[in-house]
Amino acid sequence: MSSPLRSPVDVLVTIRFFDAEAAARLEARGYRVIRADIAYDELDTKITVGIERALETAHAWILGTPPVTRELLERFPRLKVIARRGVGYDSIDTAAVKSLGRLLTNTPGGGEPAVADHALAMMLAVGKRLGESHQRMQADDWRAIVGGELFGKTVGLVGFGRIGRMVAKRLKGFDARVLVFDPYLDHSSAEASGVTQCGLNELLAQSDFISLHAPLTPETDRLINTQTLALVKPGAILVNTSRGELVDETALLQALEAGRLGGAGLDVFAGEKDPGARGIAQKLLALPNVVGTPHTAASTRESLARANALAADCVAAALDGLEVPRHCIVSDGRVPQAA
Ligand code: NAD
């Protein structure tokens with residue numbers, strides 16, 4: 001428990017949808033929750049002047065996807081805990097966190113069910129051509145559009161971690177055959193999950209739906225590009241709920257325009273971080289067989305509440321000197337306390 005005599009310890013929160021219950025978990029332990037403005041249209045990827053000002057006093061920061069660089073950590077030595085609400089941490093310099101003695105946590109178990117639901121929703125929406133049907137009906141055009149089924153199809157999952165596994169579980173209800181490409185997966189684990197492990201090229205050639213669930217790393221950056229798209233089964237549907245940078249969007253646009261791909265469901269775009277890439281995103285979104293959402297796969301009421309609570313608990317535990325949930329620790333440079 002916190003001491004009533006200590007001076008206020010600030011926890012900066014720069015995420016939208018941080019609920020009152022999560023704030024109360026911190027305030028009940030004596031921490032002061034401060035908020036800094038996020039420019040809504042910037043999708044939480046910028047360090048604003050307001051954030052910089054708040055970082056002067058903050059001991060912990062609950063954040064989304066703004067870049068946390070070594071330079072930023074060096075500028076704000078008081079900041080001890082960086083708590084990412086979400087799981088992807090490609091925007092954070094994890095080596096700097098460690099070498100500068102800070103702690104980085106994330107919230108596994110928070111958003112995964114929502115992202116897995118979203119991937120399925122996109123497979124169905126694009127396969128059944130829901131967007132096109134809806135647009136036609138808005139124009140009082142009642143002609144039927146013929147879509148395709150997910151039932152009984154081959155679905156290729158690139159990455160078989162928490163979200164990939166949840167997608168596979170849901171696909172059982174569709175009698176789908178699930179192929180998995182994940183170089184870090186052991187054979188017995190794939191077998192136990194009832195999926196078939198294979199190479200990327202085989203997955204691309206055989207899958208009717210390809211769904212990306214790998215983190216953004218140097219290995220996965222533009223994994224889907226002109227060369228790999230050339231291997232895709234004609235008419236296949238690509239779903240991306242991982243990170244926009246896994247896909248070369250210009251190559252994707254060309255493949256869709258050429259009719260090689262049947263469609264795409266995209267929750268993530270390079271344009272989230274790079275305003276120069278917004279133009280290509282708009283071209284993709286203008287296609288009738290593309291369904292887009294603005295990085296909202298994990299944004300359900302339930303998922304946000306779970307992740308907010310977990311981020312708050314990680315911060316409180318770390319600031320109180322208690323044990324932080326192990327599965328939430330991404331990078332830890334803190335000096336262990338003597339027993
Ligand atoms: P996870 O760490 O549990 O699983 C990732 C899997 O990808 C691991 O099994 C890993 O072995 C595998 N992998 C690593 N490198 C690979 C490669 N080169 N090729 C194929 N597989 C590879 O992560 P998760 O919780 O399943 O999340 C996956 C990704 O989804 C996150 O990294 C994040 O970028 C993204 N995500 C997006 C949202 C959203 O709102 N759209 C929300 C949560 C997560």
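Residues numbered from 1 in each chain as written. Predicted model: local features only at pLDDT ≥ 70, side-chain atom pairs only at ≥ 80, totals over all residues. Heavy atoms only, no water.

## Structural notes on the overall build of the protein
When helices and strands are counted, the protein shows 13 helices and 13 strands. The C-alpha radius of gyration computed for the protein amounts to 22 Å, which stays within 12% of the reference 20 Å derived for 339 residues, consistent with globular compactness. The principal-axis extent of the C-alpha atoms belonging to the protein is close to 70 × 50 × 35 Å. Split into buried and exposed, the 339 residues of the protein put 50% on the buried side. At a minimum sequence separation of 6, the contacts of the protein that also span at least 24 residues come to 64%. Measuring between centres, the 38 positive side-chain charges of the protein sit 2 Å from its 40 negative side-chain charges. (Helix = DSSP H or I, 4+ residues; strand = E, 2+ residues; numbered from the N terminus. Rg over C-alpha atoms; globule rule 2.2 N^0.38 Å. Buried < 20%, exposed > 50% of the residue type's maximum accessible area, 1.4 Å probe, protein only. Contact = heavy atoms within 4.5 Å. Lys, Arg positive; Asp, Glu negative; His and termini not counted. Charge placed at Lys NZ, Arg CZ, Asp CG, Glu CD.)

## Points about the site of the ligand
Near the ligand there are 26 residues, and of these R162, I163, D182, T241 and D267 occur at the shortest range. Between the ligand and the protein, one listed contact pairs an oxygen atom with a backbone N or O atom of G161 at 3.4 Å. For the ligand, whose accessible area on its own is 860 Å², the fraction buried by protein is 87%. For the shell around the ligand, the elements supplying multiple residues, two or more each, are helix 5 (112-127) and helix 7 (162-172). (Near = heavy atom within 4 Å. Polar contact = N/O pair within 3.5 Å; in protein donor to acceptor, adjacent residues only side chain to side chain. Areas by Shrake-Rupley, 256 points an atom, 1.4 Å probe, with all protein chains shown as cover.)

## Topic: the sheet that holds strand 9 (residues 209-212)
Taken together, the seven strands give an open sheet; going across it, the order is 8-7-6-9-10-11-12, and neighbouring strands pair in parallel fashion. Single-partner strands in this sheet number two, and they are strand 8 (196-197) and strand 12 (290-292). (Pairing = 2+ DSSP bridges.)

## Some details on the packing of helix 1 (residues 20-27) against helix 13 (residues 301-320)
Where helix 1 contacts helix 13, the two axes come as close as 9 Å, and the packing angle between them is 10°. With respect to helix 13, the element helix 1 is oriented roughly parallel. Read as a crossing pair, helix 1 and helix 13 show a hand that is right-handed. On the side of helix 1, the interface is formed by A22, R25 and L26, while helix 13 contributes N308, A309, A312, D313, V315 and A316. Residues of the contact of helix 1 with helix 13, tallied by class, amount to six nonpolar, one polar and two charged. (Axes fitted to C-alpha atoms, helices over the stretch in contact; angles between N-to-C directions. Parallel < 35°, antiparallel > 145°, perpendicular 65-115°, else oblique. Left-handed = near helix turned anticlockwise from the far one by under 90°. Nonpolar A, V, L, I, M, F, W, Y, C, P; charged D, E, K, R; others polar.)

## Structural notes on the pairing of strand 6 (residues 154-158)
Note on strand geometry: in a regular strand, side chains alternate between the two faces of the sheet. Across the five residues that make up strand 6, a large majority, five, are buried. In strand 6, alternate side chains face the same way, and those of T154, G156 and V158 on one face and V155 and L157 on the other are all buried. Strand direction decides the pairing type here: strand 6 and strand 7 (residues 177-181), joined by five bridges, are parallel. Following the sheet pairing, V158 is matched in strand 7 by F181. Between the parallel pair strand 6 and strand 7, the chain is carried across by helix 7, and the sense of this crossover is right-handed. In this structure, strand 6 lies alongside strand 9, joined through four bridges in parallel fashion. Looking at the pairing, G156 lines up with I210 of strand 9. (Right-handed = clockwise from strand over helix to strand, strands pointing away.)

## Focus: the domain arrangement of the protein
When its domains are assigned, the protein resolves into domain 1 (9-110 + 300-332) and domain 2 (112-292). Each of domain 1 and domain 2 was reduced to a C-alpha centroid, and the two centroids are 30 Å apart. Facing the 15 residues of domain 1 at the interface are nine residues of domain 2. Overall, the association of domain 1 and domain 2 removes approximately 930 Å² of surface from exposure, summing both partners, and the carbon and sulfur fraction of that is 49%. Counting every contact that joins domain 1 to domain 2 gives two salt bridges. Between D90 and R243 there is a salt bridge, with the nearest N and O atoms lying 3.0 Å from each other. Residues belonging to the side of domain 1 that touches domain 2 are distributed by class as follows: three nonpolar, seven polar and five charged. (Domains from an automatic or database assignment. Buried area = accessible area lost by both parts, 1.4 Å probe. Salt bridge = Lys/Arg side-chain N within 4 Å of Asp/Glu carboxyl O.)

## A closer look at helix 5
Taking 1.5 Å of rise per residue, the 16 residues of helix 5 would be expected to cover 22 Å, and the 22 Å separating its terminal C-alpha atoms lies within 8% of that figure. Where burial is concerned, most of helix 5 is hidden: twelve out of the 16 residues are buried. E112, A114, V115, A116, H118, A119, L120, M122, M123, A125, V126 and G127 are the residues of helix 5 that are buried. In the stretch just after helix 5, R129 is the one whose phi turns positive, near 55°. (Expected span 1.5 Å × (residues − 1).)

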